[in-house]
Amino acid sequence: MIVTIDGVAASGKSSVSGGVARALGVPYVSSGLLYRAATLLGLEAGLDLHDAPAMLAHLQTHPLRLEPLAEGNRVWQDGRELTDELHSTRVDRGVSVVAVLPEVRAWVDAQLRALPSPFVAEGRDMGTNVFPRAGAKFYLTASPHIRAVRRAQERPEDVPAIEAALVYRDELDRVQSAPAPDAVVIDTGPLTLDGVIQTILAQLPAQFTSA
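Treat the numbers as computed from the prediction; the structure is a model and nothing was measured.

Asker: Please give an account of the pattern of salt bridges that cites residues and values.
Answerer: Here the idea is simple: oppositely charged side chains can pair when their charged atoms come close. Per the counting criterion, the structure on display carries six salt bridges. In the salt-bridge network here, residues are joined through shared partners; they are Glu 44, Arg 80 and Glu 85.

Asker: So what's going on with helix H3 (residues 52-61)? Residues and values would help.
Answerer: All of the buried residues in H3 are Ala 52, Met 55, Leu 56, His 58 and Leu 59. When H3 is viewed along its axis, its buried side chains cluster within an angular range of 160° and face the same direction. For H3, the exposed residues lying more than 90 degrees away from the buried face are Pro 53, Gln 60 and Thr 61. Looking at the packing, one finds that the buried side of H3 touches helix H2 (31-44), helix H4 (89-99) and helix H5 (102-113). The opening residue of H3, the one whose side-chain oxygen lies 3.2 Å from the backbone nitrogen of Ala 54, is Asp 51.

Asker: So what's going on with the sheet that holds strand S5 (residues 80-81)? Which residues, and what values?
Answerer: Where strands meet in a sheet, backbone hydrogen bonds hold them as pairs that are either parallel or antiparallel. The strand order across the open sheet formed by three strands is S3-S4-S5, and the pairing between neighbours is antiparallel. Pairing within the sheet leaves two strands with one partner each, and these edge strands are strand S3 (65-67) and S5. Both strand S4 (residues 74-77) and S5 contribute to a ladder of two bridges, which runs antiparallel. Across the sheet, residue Gln 77 finds its bridge partner in S5, namely Arg 80.

Here is what the cut-offs are and how they apply
Starting afresh in each chain, residues are numbered from 1 along the sequence in its written order. Whole-chain, interface and lining totals are the exception, using all residues; otherwise, since this is a predicted model, local features are given only for residues with pLDDT of at least 70 and side-chain atom pairs are given and counted only at 80 or more. Heavy atoms from the whole structure form the basis of all side-chain values; hydrogens and water molecules are not counted. Salt bridge, as applied in this entry: a Lys or Arg side-chain nitrogen positioned within 4 Å of an Asp or Glu carboxyl oxygen. Relative accessibility thresholds used throughout: buried, under 20% of the residue-type maximum; exposed, over 50%; partly exposed, between the two (1.4 Å probe, protein chains only). Each helix corresponds to a stretch of at least 4 residues labelled H or I by DSSP, and each strand to a stretch of at least 2 residues labelled E; elements are numbered beginning at the N terminus. Arc, as used here, means the arc of the directions from the helix axis to the C-beta atoms. Should any heavy atoms of two residues lie within 4.5 Å, those residues are considered in contact. Two N or O atoms count as a polar contact when they lie within 3.5 Å, although within protein this holds only if one can serve as hydrogen donor and the other as acceptor, and sequence-adjacent residues are included solely when both atoms are side-chain atoms. Note on pairing: two strands pair once DSSP finds at least 2 bridges between them.

Rendered as structure tokens:
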């Protein structure tokens, strides 16, 4: 009873996953927030984000807790909520560096696999690596320009700058952000948010919608 929703950066994974989770009455799990939180802690500690042993040691001494909710995930570190700080530009710039570190990926994967199902899991490799036996898998994509326009509506930044950053991010994420062979690929460009959600709900196996 796990639905995975993977996809490229700014493809709408979080909004779509939240909508699908609410429709099913289950939590959704955002793997990206854990990578962002790890990045934030590394930046605040002045660590070299490329230094995997140092990053992992810091995570082990400053454990993070993901609170998966259908209305939006929260991340905590020793009583401090980090959620609102995780979508800053500096975290954007560093998260791809942190997310390719095998040690950090293994740490995040362990946190996710420890969560009780059912839930909707969104990220880069939920369907390929973290939950390869998930009962339903989807992959969201859209052109860099469309994604940049959407993100510009959330942040006071220029579309060309956002688009350039997304193209760069796509290249960094290419290895771990490929769709699972059995995933349904959805181009979100021509669809509204509700349209994407309804497309996924219509393709879920009966056991998900009747649970």
